[in-house]
Amino acid sequence: MTRDRPIYFDHNATTPCDPHVLESMLPFFTEQYGNAASVGHRLGREAEKAVSDARRQVAALIGASPGEIIWTSGATEANNLAIKGVMAAGQPKGRKHIVTQATEHKAVLDPIQRLAREGFSITVLPVDHHGKVNLEQFRISLRQDTALVSIMWANNETGTVQDIAGLVSAAKAVVPSVVFHCDATQAAGKLPEVDVSVGIDLMSLTAHKLYGPKGCGALYVRRTRPSVSIRSLIDGGGHEKGLRSGTLNVPGIVGFGKACELAGQCVVNERERVSRLRDRLWLLLSSQLDGIHLNGPSDARLPNTLSVAFDGASAESMMMACDDICFSAGSACTIASIEPSHVLRAMGFSESRCFSSLRFSLGRSNSAVHVDYAAERLITVVRSLRSLREV
Ligand SMILES: *Cc1c(COP(=O)(O)O)cnc(C)c1O
């Protein structure tokens, strides 16, 4: 039996646009097409009003003020703006040290690697076998010349949730003026506690991971107690307080705002619902297959994410055999390369465990029917792959 529509278990790669989000966007393509910077006329002012409403909606999801939201093309750009922007702003007393950790997304690690080549000093902290940063190790990595810390709220591959509040307070206790950047792309809309008030200075978000459109994201930049200085990467018309020039993507921004409003309304219920489905999937797999292992902690984890290693079955074969189920092997962003996932490697897993690991990331459209179907398919596939290996 195969299905017309595949079952989608890849919500950490991207989510479908919510129909209410799409509906909110449509007028801004056709009738309300004004440029939000052209406030000299009515259409421009209407676009500007829609953008400021969205600014309020996005800010509200993370406990920020609307004036602290800078629109970007997504989380990759937000991470680049945060990291390169802080270091380019010029550090008092020549502070040139950055602290990050090994399981960050490439959109954090690669900009930091570039800065390393340009002469900045970098510490990449290791993680334990659950993917967590050790607080004591973090504390001793900080130096008087540490300008920036960049640690994600939750990991895209394993769902591991860091103790962000603990890390922020440890950082500020050692170096009070340090800038704390957090890539909260996976956590926003999944965990109700995501909030900049824990002391975060810069936070990256993207619309397409929370049922908004692709190509629209934001960087939160703290404006008070104290305000954070960053320098722009893109210069031009001086949009977004000079931090990100270019005509605003009004339909995308409106959709992002609506997506954040909806996420705020359903995050508590959805966390419960989706974690029950995720746990049901794990229970079905682990009760009927031996030689399977959970990658990541059982507790401090995103409610929708399940990363599993299957002894004696490669991720590639499992994906090929289950072509009516969408899940991923490691991170979709690096799937073009045949490198094992840097996240699973950093957690201390062997290459072969990495290559036999699958990530299931559930979401709003999934039901118990999907879970039961997928579990049955996978169990059959894994058993037959294992029996092939034995002959
Ligand atoms: C998806 C993702 C990104 C990249 O976001 P884009 O909007 O696609 O550029 C960055 N960080 C994390 C943790 C992600 O999951």
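These figures come from a predicted structure and were not determined experimentally.

## Remarks on the overall build of the protein chain
Across its full length, the protein chain holds 12 helices and 12 strands. Taking 2.2 N^0.38 as the reference for a compact globule, 391 residues should give roughly 21 Å; the C-alpha atoms of the protein chain span a radius of gyration of 22 Å, in line with that estimate. Dimensions along the principal axes, computed over C-alpha positions, put the protein chain at roughly 70 × 55 × 35 Å. Split into buried and exposed, the 391 residues of the protein chain put 54% on the buried side. For the protein chain, contacts bridging at least 24 residues in sequence account for 74% of all contacts bridging at least 6. Accessible area of the protein chain: about 16,600 Å², with a carbon and sulfur share of 53%. In the protein chain, the 42 positive side-chain charges and the 39 negative ones have mean positions that sit 5 Å from each other.

## Concerning the environment of L148
Structurally, L148 can be placed in strand β5 (residues 146–150). For L148, a relative accessible area of 0% corresponds to the buried category. Separated by 48 residues in sequence, L148 and T100 place their C-alpha atoms 8.6 Å apart. Beyond its immediate sequence surroundings of up to four residues, L148 is in contact with I83, V86, M87, H97, I98, V99, V178, V179 and H181.

## Describing the site of the ligand
Taken together, the residues surrounding the ligand are G74, A75, T76, H105, M152, N156, D183, T185, Q186, T206, H208 and K209. Interatomic distance of 2.7 Å between a side-chain N/O atom of D183 and a nitrogen atom of the ligand. Side-chain polar atom of K209 to an oxygen atom of the ligand: 2.7 Å apart, as the coordinates give it. Coverage of the ligand by the protein chains reaches 88% of its 380 Å² of free accessible surface. By residue class, the composition of the shell around the ligand is 2 nonpolar, 8 polar and 2 charged.

Definitions and limits used
Residues numbered from 1 in each chain as written. Predicted model: local features only at pLDDT ≥ 70, side-chain atom pairs only at ≥ 80, totals over all residues. Heavy atoms only, no water. Helix = DSSP H or I, 4+ residues; strand = E, 2+ residues; numbered from the N terminus. Rg over C-alpha atoms; globule rule 2.2 N^0.38 Å. Buried < 20%, exposed > 50% of the residue type's maximum accessible area, 1.4 Å probe, protein only. Contact = heavy atoms within 4.5 Å. Areas by Shrake-Rupley, 256 points an atom, 1.4 Å probe, with all protein chains shown as cover. Lys, Arg positive; Asp, Glu negative; His and termini not counted. Charge placed at Lys NZ, Arg CZ, Asp CG, Glu CD. Near = heavy atom within 4 Å. Polar contact = N/O pair within 3.5 Å; in protein donor to acceptor, adjacent residues only side chain to side chain. Nonpolar A, V, L, I, M, F, W, Y, C, P; charged D, E, K, R; others polar.

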